[in-house]
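Next come the chains, spelled out residue by residue.
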Amino acid sequence: MSLAMGAAYFDNNATTPLDRRVLEAMLPWLEGRHGNSSSVHRFGQAASEAVEAARERVAALLGASPAEIVFCGSGTEANNAVVFSCGRSGGPSGHLVVSTLEHPSVLAAAARLEGEGLAVSRVAPGLDGRVDAERLLAAVRADTRLVSLMLASNELGTLQPVREVAAGCRARGVPVLCDAVQAVGKVPVDVGELGVDYLTLGGHKFHGPLGAAALWTRGGAHLDPLLVGGGHERRRRASTVNVPAVVGLGVAAELAVRELEERERRLAALRDRFERRLEAIEGVVIHCASAERLPTTSHLAIEGVQGETLMIRLDLAGFAVSTGSACSSGVVEPSSSLLTMGMSEAEALSSLRVSFGLFNTVDEVDALADALERQVAELRGAPAAATSDV
Ligand SMILES: Cc1ncc(COP(=O)(O)O)c(C=O)c1O
């Protein structure tokens, strides 16, 4: 399946391929069946039943109650909705606490509120890729309106001390947003155990469809809708519900509940096999290797090799991976969250993220490790001028 584009796909933290079982559940809603789930007639009622069944499945995945689930279009939308709702409740002053590992959908929303007059405290993780709970709690003030801490880092895969932070915030009466977009479907996530007030997930990160995400809000937690208009989703998110995508999200959630243990074991075995193979390459550092982390993610740096160059060479060789940098206006910039944790610019620029999914095979992992070894040897042997042209 991951050879669909003539390449092996190792960028599952960016998005995962759709599970065929999810596709099959969606197909009737793309051809033949249709309906606005808010309509009163039989078409609407059938769509509404399908949406409510999906809501139950998503709630079961989180140990939540179905009425607390709001379907959204994306993880970005769900995160924006919470940050803006909490940040703007109570006038133009106030304060937010975010970790610097947060996804841009939290960081950029917080920065926008900063422009509107709110104060924002940004707390960096240590070199172990984990934000210290005490440091985050120490940033909380009497006027703090929200603390945001993700469950798993999309870059490093490291798991964060959300439970400890939520317990501390509850004692201070401050709500907590947990962006679990990268964690759901990969490790157990239970909203009761975490003790947070808001939690977000996105279907396409665990073999569900694009265009379907969910925002869980603890019963009674305040939410000003980001999208206003119709009365959909109990007036918490206006917009006609994307029935096919929501049905797909429900099935992806149900499969994750059923298969979670087996998935964790299989993915960790692939990751560990890959990381063992890297021991053959000199100067490779696996970031946060001894931290608690997702079974899906290897984040590494290769001494003296530019991540971007290696990523492009691997793409040409038939392997899709990602880097710890972003290209903006033709200039390769290191990831800011890697810099905030204390990583040097050179190390951040030489980093690579390899993320595994359900459809990767042992043979693909071995082939990637072989290709990586070959490309690194070539880059190290090649004269500097030649490597920058690749
Ligand atoms: C941790 C995390 N949060 C939020 C998002 C946003 O999801 P989307 O791009 O689907 O809106 C992502 C996507 O990469 C993510 O990894």
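Residues numbered from 1 in each chain as written. Predicted model: local features only at pLDDT ≥ 70, side-chain atom pairs only at ≥ 80, totals over all residues. Heavy atoms only, no water.

### Concerning the site of the ligand
So, step 1. Taken together, 13 residues sit near the ligand, with Thr 76, Asp 179, Gln 182, His 204 and Lys 205 positioned nearest.
So, step 2. Between Lys 205 and the ligand, the recorded distance is 2.6 Å, taken from a side-chain N or O atom to an oxygen atom.
So, step 3. When isolated, the ligand has an accessible area of 390 Å², and the protein chains bury 85% of it. (Near = heavy atom within 4 Å. Polar contact = N/O pair within 3.5 Å; in protein donor to acceptor, adjacent residues only side chain to side chain. Areas by Shrake-Rupley, 256 points an atom, 1.4 Å probe, with all protein chains shown as cover.)

### With respect to the sheet that holds strand 6 (residues 176-179)
So, step 1. Strand order in this open sheet of seven strands is 2-8-7-6-5-3-4, and the pairing throughout is mixed. Lying at the two open borders of the sheet, with one neighbouring strand each, are strand 2 (69-72) and strand 4 (119-123). Strand-to-strand twist of the sheet, defined as the mean angle between neighbouring strand axes without regard to direction, takes the value 20 degrees.
So, step 2. Sheet topology places strand 7 (residues 198-202) next to strand 8 (residues 213-217); five bridges connect them, and they run antiparallel. (Pairing = 2+ DSSP bridges. Helix = DSSP H or I, 4+ residues; strand = E, 2+ residues; numbered from the N terminus. Axes fitted to C-alpha atoms, helices over the stretch in contact; angles between N-to-C directions.)

### Some points on the pattern of salt bridges
So, step 1. Under the criterion given, the structure shown has 21 salt bridges.
So, step 2. Two residues, Asp 370 and Arg 277, come together in a salt bridge whose shortest N-O distance is 2.5 Å. Taken as a pair, Asp 370 in helix 13 (residues 362-381) and Arg 277 in helix 9 (residues 243-278) lie far apart in primary sequence, 93 residues in all.
So, step 3. One network of salt bridges, with partners in common, ties together Asp 19, Arg 21, Glu 259 and Arg 263. (Salt bridge = Lys/Arg side-chain N within 4 Å of Asp/Glu carboxyl O.)

### Some points on the domain arrangement of the protein chain
So, step 1. Under the domain assignment used here, the protein chain contains domain 1 (8-16 + 260-381) and domain 2 (20-256).
So, step 2. Each side of the interface is counted separately: domain 1 has 29 residues, and domain 2 has 32 residues.
So, step 3. Carbon and sulfur atoms supply 54% of the area that domain 1 and domain 2 bury against each other, a total of about 2,500 Å² over both sides.
So, step 4. Of all residues in domain 1, the largest losses of buried area upon contact with domain 2 belong to Leu 260, Leu 294 and Met 341, amounting jointly to 25% of the total for that side.
So, step 5. Between domain 1 and domain 2 we count zero salt bridges in total.
So, step 6. Linking domain 1 to domain 2 there are 15 residue pairs in polar contact (both at pLDDT 80 or more).
So, step 7. The set of elements that each furnish at least two residues to the side of domain 1 that touches domain 2 consists of helix 9, strand 10 (297-302) and helix 11 (336-340).
So, step 8. Taken together, the residues of the side of domain 1 that touches domain 2 break down into eleven nonpolar, 13 polar and five charged. (Domains from an automatic or database assignment. Contact = heavy atoms within 4.5 Å. Buried area = accessible area lost by both parts, 1.4 Å probe. Nonpolar A, V, L, I, M, F, W, Y, C, P; charged D, E, K, R; others polar.)

### Examining helix 4 (residues 104-115)
So, step 1. With twelve residues, helix 4 should cover 16 Å at 1.5 Å per step; its first-to-last C-alpha distance of 16 Å lies within 8% of that length.
So, step 2. Within helix 4 the residues assigned to the buried category are Ser 105, Val 106, Ala 109, Ala 110 and Leu 113. Seen along its axis, helix 4 keeps its buried residues to an arc of 125 degrees; they face one direction. Turned more than 90 degrees away from the buried face of helix 4, the exposed residues are Pro 104, Arg 112 and Gly 115.
So, step 3. Its buried side turned inward, helix 4 meets helix 3 (75-87), strand 3 (95-99), strand 4, strand 5 (144-148) and strand 6.
So, step 4. Positive backbone phi, approximately 115 degrees, marks Gly 117, located one or two places after helix 4. (Expected span 1.5 Å × (residues − 1). Buried < 20%, exposed > 50% of the residue type's maximum accessible area, 1.4 Å probe, protein only. Arc of directions from axis to C-beta.)

### So, empty space enclosed by the protein
So, step 1. In the structure shown here, the tally under the stated rule is two cavities of 30 Å³ or more.
So, step 2. Estimates place the volume of the largest cavity at around 70 Å³.
So, step 3. Looking at the largest cavity, it is lined by 13 residues, and the ones nearest its centre are Gly 185, Lys 186, Lys 205, His 207 and Leu 267.
So, step 4. Its residues placed into classes, the lining of the largest cavity shows four nonpolar, six polar and three charged.
So, step 5. Composition of the lining of the largest cavity by domain shows at least three residues from each of domain 1 (8-16 + 260-381) and domain 2 (20-256).
So, step 6. The wall of the second largest cavity is formed by Val 70, Cys 72, Glu 77, Ala 81, Leu 215, Leu 223, Leu 226, Arg 236 and Arg 237. (1 Å grid on protein atoms, 1.4 Å probe; cavity = no way out; pocket = protein on both sides within 12 Å on 5 of 7 lines; lining within 4 Å. Points joined across faces, edges and corners; volume = space filled by probe spheres on them.)

### So, the packing of helix 9 against helix 13
In a pair of packed helices, the angle between the axes and the distance between the axes together describe the arrangement.
So, step 1. For the pair helix 9 and helix 13, the least separation of the axes is 10 Å and the interaxial angle reads 25 degrees. Regarding the angle of helix 9 to helix 13, the classification is roughly parallel. Considering the relative orientation of helix 9 and helix 13, their crossing is right-handed. Residues Leu 270, Arg 273, Phe 274, Arg 277 and Leu 278 of helix 9 lie in contact with helix 13, whose contacting residues are Val 362, Val 365, Asp 366, Leu 368, Ala 369, Asp 370, Leu 372 and Glu 373.
So, step 2. Of the residues that constitute the contact of helix 9 with helix 13, the class distribution is eight nonpolar, no polar and five charged. (Parallel < 35°, antiparallel > 145°, perpendicular 65-115°, else oblique. Left-handed = near helix turned anticlockwise from the far one by under 90°.)

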